[in-house]
Amino acid sequence: MSENKVWFITGTSSGFGRALAEEVLAKGDRVVATARKPEVLQDLVEKYRETARAVKLDVTNMEDAKSAVREAVKEFGRIDVLVNNAGYALVGATEEVSDEQIKQQFDTNVFGVINVTREALPVLREQKSGHVVNIGSVVGFSAWASLGIYSATKFALEGLSEALAAELAPLGIKTTIVEPGPFDTGGVDRAVFAENLLPEAYPSTAQLPEVFREFSNTAGDPVKAVKIIVEAVESENPPFRLPLGLPAFEAIEAKLEQVKQEISIWRARAIETNFDAVVAA
Ligand SMILES: NC(=O)c1ccc[n+]([C@@H]2O[C@H](COP(=O)([O-])OP(=O)(O)OC[C@H]3O[C@@H](n4cnc5c(N)ncnc54)[C@H](OP(=O)(O)O)[C@@H]3O)[C@@H](O)[C@H]2O)c1
């Protein structure tokens, strides 16, 4: 890869996306900072006139994805690191969230990533290099009550990223999925709440704001998080999976142990599913 990488980052108006754009610009890399309202990036573009470009990209809009990738190539000639960061959390039990809310959540968190990645991949393939970094979540590995649809979108990114890693490695393109625990990005304040609350059935939804508030006292520092992401991307052997923060590691480790135990209970019985002729042989 070239000395000064070109980063293409989605959702840079706030949080991780903004912090990552600032981090890589400060170290001299070039950034195509994308946002639904690129005017909010004016200060960044003014500070880094040579190396920053603000481009409109609503990840749910295919035309935006096409033109943003085209603009990146026109401005900087390449894309070294694609960071699929744009996303938000839908809060509510599966029965409480509306069809439209579920659709929007998947359109942004899953189809948005697929749209942008599919537009960028021809550029990376042509270069025979590049790195796709998907911002997943710890709840994409270990789901929470009242965050089921959000968790499902992040589980989808786990599967997509695993497949991408296998598809792209032979082409010289790397893949990483970042799995942050709670970080103080302000993202929880922008979470969308269910439309049809059923508090007697699902007290977990009513409890979530309090859980979020407690988290905000112990949440991770997004500036430290993006420094680790940059370090991982620049390492000789970037990790495929990158949990961030102790709570993420603890939840993932507990889930791995739990799954190991769960599948052992029925193992002996459940593996006897070959046709009798195969078992006899
Ligand atoms: N903070 C955490 O604790 C945490 C933990 C695990 C994972 N994550 C993940 O980290 C990523 C960034 O979240 P954050 O915490 O930094 O929150 P954030 O500050 O709210 O950032 C989310 C970004 O996504 C953008 N976005 C939302 N919908 C979009 C769309 N349709 N098209 C383009 N951009 C869109 C937002 O832009 P607008 O200003 O236009 O809305 C915003 O820039 C998300 O994928 C989130 O799921 C966060």
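Residues numbered from 1 in each chain as written. Predicted model: local features only at pLDDT ≥ 70, side-chain atom pairs only at ≥ 80, totals over all residues. Heavy atoms only, no water.

## Some remarks on the packing of helix α4 (residues 99–127) against helix α5 (residues 148–168)
Definition in use: To get an axis, fit a line to the C-alpha atoms, keeping to the stretch in contact for a helix; angles then go from 0 to 180 degrees between the N-to-C directions. Only DSSP runs of H or I with at least four residues qualify as helices, and only runs of E with at least two residues qualify as strands; both kinds are numbered from the N terminus onward. In this scheme, roughly parallel covers angles under 35 degrees and roughly antiparallel covers those over 145, while 65 to 115 is roughly perpendicular and the rest are oblique. In this scheme the handedness of a crossing depends on how the near helix is turned from the far one: anticlockwise by less than a right angle means left-handed, clockwise means right-handed. What makes two residues a contact is simply this: any of their non-hydrogen atoms within 4.5 Å. Each residue is assigned to one of three groups, with Ala, Val, Leu, Ile, Met, Phe, Trp, Tyr, Cys and Pro labelled nonpolar, Asp, Glu, Lys and Arg labelled charged, and all others, Gly among them, labelled polar.
Running from amino to carboxyl end, α4 crosses α5 at an angle of 15 degrees, the nearest separation of the two axes being 9 Å. With respect to α5, the axis of α4 lies roughly parallel. For the element pair α4 and α5, the recorded crossing hand is right-handed. Of α5, the residues touching α4 (which contributes Ile 102, Gln 105, Phe 106, Asn 109, Val 110, Val 113, Ile 114, Thr 117 and Leu 121) are Ile 149, Tyr 150, Ala 152, Thr 153, Lys 154, Ala 156, Leu 157, Leu 160, Leu 164 and Leu 168. Broken down by class, the residue content of the contact of α4 with α5 amounts to 14 nonpolar, 4 polar and 1 charged.

## What about the pattern of salt bridges?
Spelled out, the test is: We count a salt bridge whenever a side-chain nitrogen from Lys or Arg sits within 4 Å of a carboxyl oxygen from Asp or Glu.
For the structure on display, the rule yields 17 salt bridges. The shortest N-O distance in the salt bridge between Lys 5 and Glu 234 comes to 3.9 Å. Remark: Glu 234 occurs in helix α7 (residues 222–234) and Lys 5 occurs in the segment before β1 (6–9); sequence separation between them is 229 residues. Between Arg 241 and Glu 162 there is a salt bridge, with its nearest N and O atoms 2.8 Å apart. Taken together, the positions of Arg 241 in strand β9 (residues 241–244) and Glu 162 in helix α5 put the pair 79 residues apart, joining distant regions of the chain.

## Brief notes about the confidence of the model for the protein chain
Counted only if it meets this: As a per-residue quantity, pLDDT reports the predictor's confidence and falls between 0 and 100.
Overall, the predicted model of the protein chain reaches an average pLDDT of 96, with 99% of residues at or above 70. Within the protein chain, helix α6 (residues 203–218) has the poorest average pLDDT of any element, 85, and strand β4 (residues 81–84) the best, 99.

## Some details on the pairing of β4
Cut-off, in case you're wondering: Relative accessibility decides the category of a residue: with a 1.4 Å probe and only protein chains considered, values under 20% of the type maximum give buried, values over 50% give exposed, and everything between is partly exposed. Strands were regarded as paired on the criterion that DSSP finds at least two bridges between them.
In β4, alternate side chains face the same way, and those of Val 81 and Val 83 on one face and Leu 82 and Asn 84 on the other are all buried. As judged from the 3 bridges shared by β1 and β4, these two strands associate in the parallel manner. In the sheet register, Trp 7 faces β4, and the bridge partner there is Val 81. Strand direction decides the pairing type here: β4 and strand β6 (residues 130–135), joined by 4 bridges, are parallel. Residue pairing for β6: Val 81 is matched across the bridge by His 131.

## Some words on unusual backbone geometry
Positive phi, close to 60 degrees, is recorded for Lys 128, a residue that is not glycine. Take Lys 128: it is sitting in the loop between α4 and β6. Overall, the relative accessible area of 64% leaves Lys 128 in the exposed class.

## Brief notes about the site of the ligand
Selection rule: A molecule or strand has a residue near it when one of that residue's heavy atoms lies within 4 Å. Any pair of nitrogen or oxygen atoms within 3.5 Å is treated as a polar contact; in protein, a donor-acceptor pairing is required on top of that, and neighbouring residues in sequence qualify only through side-chain atoms on both sides.
Of all residues adjacent to the ligand, which total 27 residues, the nearest are Ser 13, Arg 36, Tyr 150, Thr 185 and Arg 190. Contact between the ligand and Gly 11: an oxygen atom at 3.1 Å from a main-chain N or O atom of the residue. Taking Gly 181, its main chain carries an N or O atom lying 3.5 Å from an oxygen atom of the ligand. Mapped onto the shell around the ligand, the elements with two or more residues apiece are α1 (15–26) and α5. Of the residues contributing to the shell around the ligand, the split by class is 9 nonpolar, 14 polar and 4 charged.

## A word on the sheet that holds β4
Strand order across the open sheet formed by 7 strands is β3-β2-β1-β4-β6-β7-β9, with parallel pairing between neighbours. The open sheet is flanked by β3 (52–56) and β9, the only strands paired with a single partner. Across the sheet, the axes of successive neighbouring strands diverge by a mean angle of 20 degrees, strand direction being ignored. With 6 bridges joining them, β6 and strand β7 (residues 173–180) adopt parallel strand pairing. Across the sheet, the residue bridging to Val 133 is Thr 176, located in β7. With respect to the sheet, α7 is in contact with β1, β4, β6, β7 and β9, its orientation differing from that of β9 by roughly 160 degrees.

## A short note on the packing of α1 against α7
α7 packs onto α1 with a crossing angle of 60 degrees between their chain directions and a minimal axis gap of 9 Å. The angle between α1 and α7 places the two elements in the oblique class. As for the relative orientation of α1 and α7, their crossing is right-handed in sense. Taking contact as the criterion, the partners of Phe 16, Ala 19, Leu 20, Glu 23 and Val 24 in α1 are, on α7, Pro 222, Ala 225, Val 226, Lys 227 and Val 230. Here the contact of α1 with α7 is built from residues that sort into 8 nonpolar, no polar and 2 charged.

## What to know about the side chain of Ser 137
Position of Ser 137 among the secondary structure elements: in the loop between β6 and α5. Residues within four places of Ser 137 in sequence aside, it is in contact with Tyr 150, Lys 154, Glu 158, Val 178, Glu 179 and Pro 180.

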